[in-house]
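An overview of the molecular structure
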Amino acid sequence: MNRYPFNALNAFLPLALLLSGCAFMHDTQPTLDQQLPVSHVDSALPSALKNGWPDSQWWQDYHDAQLNELVKNALANAPDMQMAEQRIRLAEAQAKAVEAQDGLQMDFSADIERQKMSAEGVMGPFAITDPAMGSTGPWYTNGTFGLSAGWDLDLWGKNRAEVTARIGIVKAQEAEREQTRQLLASSVARLYWEWQTQSALSTLLNQIEQEQQAIINTNRQLYQNGIIDSVNGVETDIDDSKTRQQLNDVAGNMKVIEARLSALTNTQSTSLKLHEVSLPKVESQLPAQLGYSLLARRADLQAAHWMIESSMSSVDAAKAAFYPDINLMAFLQQDALHLSDLFRNSAQQMGVTAGLTLPIFDSGRLNANLELTQAQTNLSIATYNKAVVDAVNDVARTASQVETLMQKNQHQQQIEHDAERVVELAQARFNAGIIAGSRVSQAKIPALREQVIGLILQGQWLDASIQLTGALGGGYHHS
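Residues numbered from 1 in each chain as written. Predicted model: local features only at pLDDT ≥ 70, side-chain atom pairs only at ≥ 80, totals over all residues. Heavy atoms only, no water.

1. So, the overall build of the protein chain
When helices and strands are counted, the protein chain shows ten helices and six strands. In the protein chain, buried positions account for 38% of the 479 residues. Sequence separation of at least 24 residues holds for 84% of the intrachain contacts in the protein chain that already meet a minimum separation of 6. Entry remark: accessible area of the protein chain is about 27800 Å², with carbon and sulfur atoms responsible for 54%. (Helix = DSSP H or I, 4+ residues; strand = E, 2+ residues; numbered from the N terminus. Buried < 20%, exposed > 50% of the residue type's maximum accessible area, 1.4 Å probe, protein only. Contact = heavy atoms within 4.5 Å. Areas by Shrake-Rupley, 256 points an atom, 1.4 Å probe, with all protein chains shown as cover.)

Listed below in structure tokens is the structure:
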């Protein structure tokens, strides 16, 4: 009878039992579809961050050194930026820790131990003193030192997938830092131009008050001379009081804005010392395209995209955990019961071990972990999809506001032009001696009021354009 087939079967049987008894992977959950912009997201994010986010210095397009300094202080001193930096460092450290688990591991160890042997134990013969037998008990000073090494072969890529997942988290944190940076810069710029708008309003309101005071003084002289009744000047007095109230409101708004800017830039409000500059002119049209090519640059979409990449790698790692894990281990040591014998050749010991770990029954732990990572992936995709929808709506809303305000500004400029013609006509009549000087002031006040309306609209357009800049991920102006 031929025994070789039987022996081969005996050798293969344990492996077959192991493979048949390993943990069974359940059907995986279907992965959600991703919205369109993911295909436009630049996967080379680290280099993009290194070289600067697209139009990341958009506030410098205003050519305002005062604004540039405020943004610089905010980005350098804001606690939000410090937190974002620390989150990146934490993610990088975690990625390095996972990466360090892969590859060759080597350790050196040494120990010395003083012990007394038990005469009743396995080492009982060494508890007596018998030089002929080589025992000089019961006390021994045992010494060991040497090298040990291990290597996880990672045949199925579990460790590599975990490293990739951690790198995805690092990239997501870098994108979130850019999002924080953009939000801070946007907040500073919006507050700064709001302050400039209020400051310009204060100048116009002071001019209105001067004209009102000129009318009041003229009416007072006419009343003193008995030319008019005192009742005629009551309406002008009321208007002057309203103007003063508006000036007080503007002054209060400017103080609130200064306090908020001080908080964002981490400076004292007394050290801001802002001075008035002209507001940027209203542009006549929006960019020709506000599509996905610009939308995909948003830092929040980049962060959500990298979280998807990270979670998908975690799924790969969870699947690889179902397969056998093979480790190679080796050691080279010197070991002796007596320190005097520790460095002899006869005290040398070495060995090599190949280990196989195969999950068989784990009470569903591996499948639960796989379901968890798959659910996290689908949640990341759903979060990304929602972010895309919100981003599209955000761009549509802010672009509509900008376009509407552009049209309002154009109409208001025409109204201001017509009001200025009335002033010019009144001034010409005054120069010809046809009307009194107070009539010129009466013509100037409506024109100044229209300028106030125009200034408010200009500030609203500027604020909306900054919001659109943020909605598009850091600027839509092409150089």
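2. With respect to the pattern of salt bridges
Scanning the entire structure with this criterion turns up ten salt bridges. Measuring nitrogen to oxygen at the nearest pair gives 2.8 Å for the salt bridge that ties D300 to R298. According to the relative accessible area criterion, R298 is buried, its value standing at 10%. Measuring nitrogen to oxygen at the nearest pair gives 3.3 Å for the salt bridge that ties D341 to R344. Under the relative-accessibility criterion, D341 is labelled partly exposed at 22%. Through salt bridges with shared partners, a single network forms among R298, D300, D394 and R397. (Salt bridge = Lys/Arg side-chain N within 4 Å of Asp/Glu carboxyl O.)

3. Quick word on the side chain of Q334
Residue placement: Q334 occurs in strand β5 (residues 325-336). Taking the relative accessible area as the measure of exposure, Q334 reaches 12% and is therefore buried. Within the structure, Q334 has its side chain in polar contact with the backbone oxygen of L342 (distance 2.8 Å). If we skip the residues at most four places from it in the chain, Q334 touches G143, T144, F145, L342, F343, R344, A347 and Q348. (Polar contact = N/O pair within 3.5 Å; in protein donor to acceptor, adjacent residues only side chain to side chain.)

4. Looking at the confidence of the model for the protein chain
A residue-level look at the protein chain finds 82% of positions with pLDDT of 70 or above and a mean pLDDT of 80. Here residues 38-54 is modelled with pLDDT under 50, and outside its nearest four sequence neighbours on either side it reaches 33 contacts, counting other chains as well. (pLDDT = per-residue confidence, 0-100.)

5. Concerning the environment of G103
Relative to the elements of secondary structure, G103 occurs in strand β1 (residues 103-116). For the pair G103 and G150, spaced 47 residues apart in the sequence, the C-alpha separation amounts to 8.4 Å. Contact partners of G103, with chain neighbours within four places excluded, come to G150, W151 and D152.

6. Digging into the nonpolar core
Counting 48 residues, the largest nonpolar core has L67 and L261 as its most contacted members. Ranked by residue count, the leading element in this core is helix α5 (residues 158-224), at 14 residues. Leaving out residues up to four positions away in the same chain, L261 has contacts with L70, V188, L191, Y192, L272 and L274. Among the nonpolar cores identified, the runner-up in size contains eight residues, and L301, A304, Y384 and A391 belong to it. (Core = buried A, V, L, I, M, F, W, Y, C linked by side-chain atoms within 4.5 Å.)

7. As for the sheet that holds β5
Taken in spatial order, the four strands of this open sheet run β1-β4-β5-β6, and their pairing is antiparallel. Both edges of this open sheet fall to β1 and β6 (348-357), since each of them pairs with a single strand only. Across the sheet, the axes of successive neighbouring strands diverge by a mean angle of 20°, strand direction being ignored. With 14 bridges joining them, β1 and strand β4 (residues 139-152) adopt antiparallel strand pairing. The residue bridging L104 from the neighbouring strand is W151, located in β4. (Pairing = 2+ DSSP bridges. Axes fitted to C-alpha atoms, helices over the stretch in contact; angles between N-to-C directions.)

8. Observations regarding the environment of D154
Take D154: it is sitting in the loop between β4 and α5. Taking C-alpha positions, D154 is 8.4 Å from N327, a pair spaced 173 residues apart along the chain. Excluding its chain neighbours within four sequence positions, the residues that come into contact with D154 are D102, N159 and R160.

9. Comments concerning unusual backbone geometry
The phi torsion at H63 lies on the positive side, around 55°, for a residue other than glycine. Along the chain, the position of H63 falls in the loop between α2 (45-51) and α3 (65-77). Looking at H63, the relative accessible area reads 72%, which means it is exposed. Phi is positive for K273, close to 50°, though the residue is something other than glycine. Inspection of the secondary structure assignment puts K273 in the loop between α6 (234-265) and α7 (292-295). Judged by relative accessible area, which is 71%, K273 ranks as exposed.

10. Remarks on a nonpolar patch on the surface
Residues L104, M106, F108, L147, W151, L328, L332 and M350 make up a contiguous nonpolar surface patch of about 840 Å² in total accessible area. Of all the secondary-structure elements, those providing two or more residues to the nonpolar patch are β1, β4 and β5. No other element matches the three residues that β1 contributes to the nonpolar patch. Examined against the element boundaries, F108 turns out to sit in strand β1. (Patch = residues over 30% accessible without salt bridge, like charges linked within 9 Å, V, L, I, M, F, W, Y side chains within 5 Å.)

11. Details of α3
Between its terminal C-alpha atoms α3 stretches 18 Å, which fits the 18 Å expected from 13 residues at 1.5 Å a residue. Two to three positions downstream of the cap, the backbone nitrogen of Q66 sits 2.9 Å from a side-chain oxygen, assigning the N-cap of α3 to D64. (Expected span 1.5 Å × (residues − 1).)

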